[in-house]
Amino acid sequence: MSDERPEKPLPELRASDADRDRVVERLRDAVAEGRLDMEEFEERLEAAYKSRTYAELEPLTRDLPSAGTPSPLAAPAASGGSWPARIGGRGTSATGVAVMSGFQRKGAWTVPARFDAVVFWGGGELDLREASFAEQEVVINCVAIMGGIEITVPPGVEVDVRGFGLMGAFDQCDTPGPRAPGAPRVVVTGLAFWGGVEIKVKPPKTPPPSLEKRL
């Protein structure tokens, strides 16, 4: 008699942190592929971190194909790692405005073909590390008056800074390095008057390990 475990874990077994993280990663991929909208993603994300058994985790990805599986209705994808899956779709937000306040766009969101960011005595943060892009080239138009805008991109994304500073500056702190195959191009334009626009390059963040503890 064999004592080997079945290929799939028994549904009543307790799930580990690594099991929950794998499900969250698949959900993030599904958002980038356009299979889930942000509302569905947030609902499933919360459920994933609250799950205690495999039986609770399994339904969250039951209707999602494995990562990288091409759609039977689509043409074969071009080479270039994960970037082709992150290009295309409808922008989830096109404007960020902060008047003596602040705004943020980060996590899994879709950058439109043009995004307008305006701050007056305030601050704005645009984090593109986990974002998808509506088009291969997107434009972020910044107007910073006595305020600041911070744009963070992942390595491999091409950044073209064209903004004008009047007693202010457009400052690209880091270089993204060589453009990755299939990666988008981000054009940063606009005006900084007594303010600044700062472009940083950082690797993508991983899901925070403490989130499940808070939930």
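Residues numbered from 1 in each chain as written. Predicted model: local features only at pLDDT ≥ 70, side-chain atom pairs only at ≥ 80, totals over all residues. Heavy atoms only, no water.

Some points on the overall build of the protein
Okay, so step 1: Per the secondary structure count, the protein includes four helices and 13 strands.
Okay, so step 2: For the protein, the proportion of its 215 residues judged to be buried stands at 37%.
Okay, so step 3: Sequence separation of at least 24 residues holds for 67% of the intrachain contacts in the protein that already meet a minimum separation of 6.
Okay, so step 4: Summed over all atoms, the accessible surface of the protein reaches about 12100 Å², with 55% contributed by carbon and sulfur. (Helix = DSSP H or I, 4+ residues; strand = E, 2+ residues; numbered from the N terminus. Buried < 20%, exposed > 50% of the residue type's maximum accessible area, 1.4 Å probe, protein only. Contact = heavy atoms within 4.5 Å. Areas by Shrake-Rupley, 256 points an atom, 1.4 Å probe, with all protein chains shown as cover.)

Things to note about the packing of helix α1 (residues 17-32) against helix α2 (residues 38-50)
The relative placement of two packed helices is expressed as an angle between their axes plus a distance between the axes.
Okay, so step 1: Contact geometry for α1 and α2: axes closest at 10 Å, N-to-C directions at 175 degrees. Relative to α2, α1 is oriented roughly antiparallel. Across from Arg20, Asp21, Val23, Val24, Leu27, Arg28 and Val31 in α1, the residues of α2 making contact are Met38, Phe41, Arg44, Leu45, Ala48 and Tyr49.
Okay, so step 2: Looking at the contact of α1 with α2, its residues break down into nine nonpolar, no polar and four charged. (Axes fitted to C-alpha atoms, helices over the stretch in contact; angles between N-to-C directions. Parallel < 35°, antiparallel > 145°, perpendicular 65-115°, else oblique. Nonpolar A, V, L, I, M, F, W, Y, C, P; charged D, E, K, R; others polar.)

Topic: the sheet that holds strand β8 (residues 148-153)
Okay, so step 1: Within the open sheet, the five strands sit side by side as β2-β5-β8-β13-β11. Their pairing is parallel. What marks the edges here is a single partner per strand, and that holds for β2 (102-105) and β11 (169-172). Taken pair by pair, the neighbouring strands of this sheet meet at an average axis angle of 10 degrees, ignoring direction.
Okay, so step 2: Judged from the four bridges that link them, β2 and strand β5 (residues 123-127) form a sheet pairing that is parallel. Residue pairing in the sheet places Gln104 in a bridge with Glu125 of β5. (Pairing = 2+ DSSP bridges.)

Description of the confidence of the model for the protein
Okay, so step 1: On average, residues of the protein score 82 in pLDDT, and 82% of them are at 70 or above.
Okay, so step 2: Confidence drops under a pLDDT of 50 for residues 73-81, and excluding neighbours within four residues, the segment shows three contacts in the predicted structure.
Okay, so step 3: The low-confidence segment residues 207-215 (pLDDT under 50) makes ten contacts with residues lying over four places distant or belonging to another chain. (pLDDT = per-residue confidence, 0-100.)

Structural notes on α1
Because an α-helix completes one turn every 3.6 residues, residues spaced three or four positions apart along the sequence face the same direction.
Okay, so step 1: For α1, with 16 residues, the first-to-last C-alpha span of 23 Å sits near the 22 Å given by 1.5 Å per residue.
Okay, so step 2: Among all positions of α1, only Asp19, Arg20, Val23, Val24, Arg26, Leu27, Arg28, Ala30, Val31 and Ala32 are buried.
Okay, so step 3: In this structure, the buried side of α1 is in contact with α2, α3 (54-57) and β6 (132-133).
Okay, so step 4: Looking at the residues trailing α1, positive phi occurs at Gly34, about 80 degrees. (Expected span 1.5 Å × (residues − 1).)

Focus on a negative patch on the surface
Okay, so step 1: On the surface, Asp37, Glu39, Glu40, Glu42 and Glu43 cluster together into a patch of negative charge.
Okay, so step 2: Note that Asp37 resides in the loop between α1 and α2. (Patch = residues over 30% accessible without salt bridge, like charges linked within 9 Å, V, L, I, M, F, W, Y side chains within 5 Å. Salt bridge = Lys/Arg side-chain N within 4 Å of Asp/Glu carboxyl O. Lys, Arg positive; Asp, Glu negative; His and termini not counted. Charge placed at Lys NZ, Arg CZ, Asp CG, Glu CD.)

Topic: the pattern of salt bridges
Okay, so step 1: Taken as a whole and judged by the stated rule, the model has 14 salt bridges.
Okay, so step 2: Across the salt bridge formed by Asp19 and Arg22, the nearest N and O atoms sit 2.4 Å from each other. Here Asp19 pairs with Arg22, and both are found in helix α1, just three residues apart, close to one helical turn.
Okay, so step 3: With a relative accessible area of 53%, Arg22 lands in the exposed category.
Okay, so step 4: When the shortest N-O distance is used, the salt bridge between Asp127 and Arg129 registers 2.6 Å. Per residue, the accessibility class of Asp127 equals that of Arg129, and both read buried.
Okay, so step 5: Several salt bridges converge on common partners, so that one network encompasses Glu137, Glu158, Asp160, Arg162, Arg179 and Arg185.

Here we look at the nonpolar core
Okay, so step 1: Counting residues in each nonpolar core, the largest one holds 29 residues, and the members touching the most others are Leu128, Cys142, Ile151, Val188 and Val197.
Okay, so step 2: Tallying contributions element by element places strand β7 (residues 137-145) first for this core, with four residues.
Okay, so step 3: If near-sequence neighbours (up to four positions away) are discounted, Val188 is found in contact with Ile140, Cys142, Ile151, Val159, Asp160, Val161, Arg162, Gly163, Phe170, Val197 and Ile199.
Okay, so step 4: Membership of the second largest hydrophobic core comes to 15 residues, among which are Val24, Leu27, Phe41 and Leu57. (Core = buried A, V, L, I, M, F, W, Y, C linked by side-chain atoms within 4.5 Å.)

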